[in-house]
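Chain by chain, the residues run as shown.
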Amino acid sequence: MSTEAHHERRSPVRWRIVALFVPIAIAGIVAARFFGEDSAHVVVHDPAPKVPVEVAAAARQDVPVYLTGIGTVQALNTVTMRAQVDGQLQKVLFTEGQFVKKGDLLAVIDPRPFQAALEQAAARIQQDQANLANAKLILSRDEKLASQDFATQQALDTQRSTVAQLEAQIAQDQAARDAAAVQLSFTQITAPLD
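Here the structure is a predicted model, which is why all the values come from computation and not from measurement.

The rules behind the values
Residues numbered from 1 in each chain as written. Predicted model: local features only at pLDDT ≥ 70, side-chain atom pairs only at ≥ 80, totals over all residues. Heavy atoms only, no water. Helix = DSSP H or I, 4+ residues; strand = E, 2+ residues; numbered from the N terminus. Buried < 20%, exposed > 50% of the residue type's maximum accessible area, 1.4 Å probe, protein only. Areas by Shrake-Rupley, 256 points an atom, 1.4 Å probe, with all protein chains shown as cover. Salt bridge = Lys/Arg side-chain N within 4 Å of Asp/Glu carboxyl O. Lys, Arg positive; Asp, Glu negative; His and termini not counted. Contact = heavy atoms within 4.5 Å. Expected span 1.5 Å × (residues − 1). Pairing = 2+ DSSP bridges. Axes fitted to C-alpha atoms, helices over the stretch in contact; angles between N-to-C directions. Patch = residues over 30% accessible without salt bridge, like charges linked within 9 Å, V, L, I, M, F, W, Y side chains within 5 Å.

S.K.: Now, about the overall build of the chain: what can you tell me, with residues and values included?
M.R.: When you go through the chain residue by residue, the secondary structure sums to 3 helices and 3 strands. When the helices and strands of the chain are read in sequence order from the N terminus, they spell out α-β-β-α-α-β. When burial is assessed residue by residue, the chain has 14% of its 194 residues classed as buried. Accessible area for the chain stands at about 16800 Å²; split by element, carbon and sulfur atoms hold 57% of it.

S.K.: Help me get a handle on the pattern of salt bridges, residues and values and all.
M.R.: In total, this model carries 5 salt bridges according to the counting rule given. Linking Asp110 and Arg112 is a salt bridge whose minimum nitrogen-to-oxygen distance equals 2.8 Å. Judged by its relative accessible area of 57%, Arg112 is exposed. One continuous salt-bridge network, built from bridges that share partners, spans Glu143, Asp157 and Arg160.

S.K.: Tell me what's going on with the side chain of Asp142, and back it up with residues and numbers.
M.R.: You can see Asp142 is positioned in helix α2 (residues 112-147). One buried charged side chain, Asp142, makes no salt bridge at all; its nearest oppositely charged neighbour is Arg141, positioned 7.7 Å away. Those residues in contact with Asp142 that sit more than four places away from it in its chain are Ala151, Ala155, Leu156 and Gln159.

S.K.: Before we move on, could you go through helix α3 (residues 153-185) and cite the residues and values that matter?
M.R.: Helix length check: α3, at 33 residues, gives a terminal C-alpha distance of 48 Å against a target of 48 Å (1.5 Å per residue), a fit within 8%. All of the buried residues in α3 are Leu156, Gln159, Val163, Leu166, Ile170, Asp173, Ala180 and Leu184.

S.K.: Requested: an account of the sheet that holds strand β1 (residues 89-92), with residues and values cited.
M.R.: Taken in spatial order, the 3 strands line up as β1-β2-β3 in an open sheet, and their pairing is antiparallel. Each edge of the open sheet is held by one strand with a lone partner, namely β1 and β3 (188-190). Adjacent strand axes in the sheet meet at a mean angle of 20° when their direction is disregarded.

S.K.: Kindly report on unusual backbone geometry, identifying the contributing residues and their values.
M.R.: Non-glycine residue Asp149 carries a positive phi angle of around 65°. In this fold, Asp149 is placed in the loop between α2 and α3.

S.K.: Can you explain a nonpolar patch on the surface? Please cite residues and give values.
M.R.: Nonpolar side chains collect at one region of the surface, where Trp15, Val18, Val22, Ile26 and Val30 lie side by side and expose about 500 Å² of accessible area between them. Examined against the element boundaries, Val30 turns out to sit in helix α1 (residues 3-37). Judged by relative accessible area, Val30 falls into the exposed class, the value being 52%.

S.K.: So what's going on with the pairing of strand β2 (residues 105-109)? Which residues, and what values?
M.R.: Of all 5 residues in β2, 4 are buried, a share of seventy percent or more. The pairing of β1 with β2 spans 3 bridges and is classified as antiparallel. In the sheet register, Lys91 faces β2, and the bridge partner there is Val108.

See below:
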């Protein structure tokens, strides 16, 4: 093979090598300029001021633990309470989430109407007791008069009936008084459990 033919064959290979290395060399020059000279002029800004550090000796001790988070609190026991009587709520004696014990007073409904009903029932009992005492006195007189034939048997029976009616009325009044006392007790709402 002649030198000229060998030279012609190598020529396209050389151009390929040159075409490959020229862009790499240009990229190297650009990178050296961009990162070499300009990097000395780049100013880095520290966004947060530096915090001084304190040094202390290590010690083993209890430390308080604080847990923070968003969540819901659920009571150990939940009771739905409904008032047994209607009325204006005067006092609420607990705060939401407070621990309460069985029997603690939680709320008070206005007791005045129920207290008035209790006093009316007590007054009716006294009135009917006075009427009963009078009816018994009349019955005792009628019995004496009937034994002497000055009173009729019908008058005596009527008076005995009056005494029995008044005794029944007193029993009814006492039941009304007890019912009024129960209604009055419902004005104080207490905790049924701890």
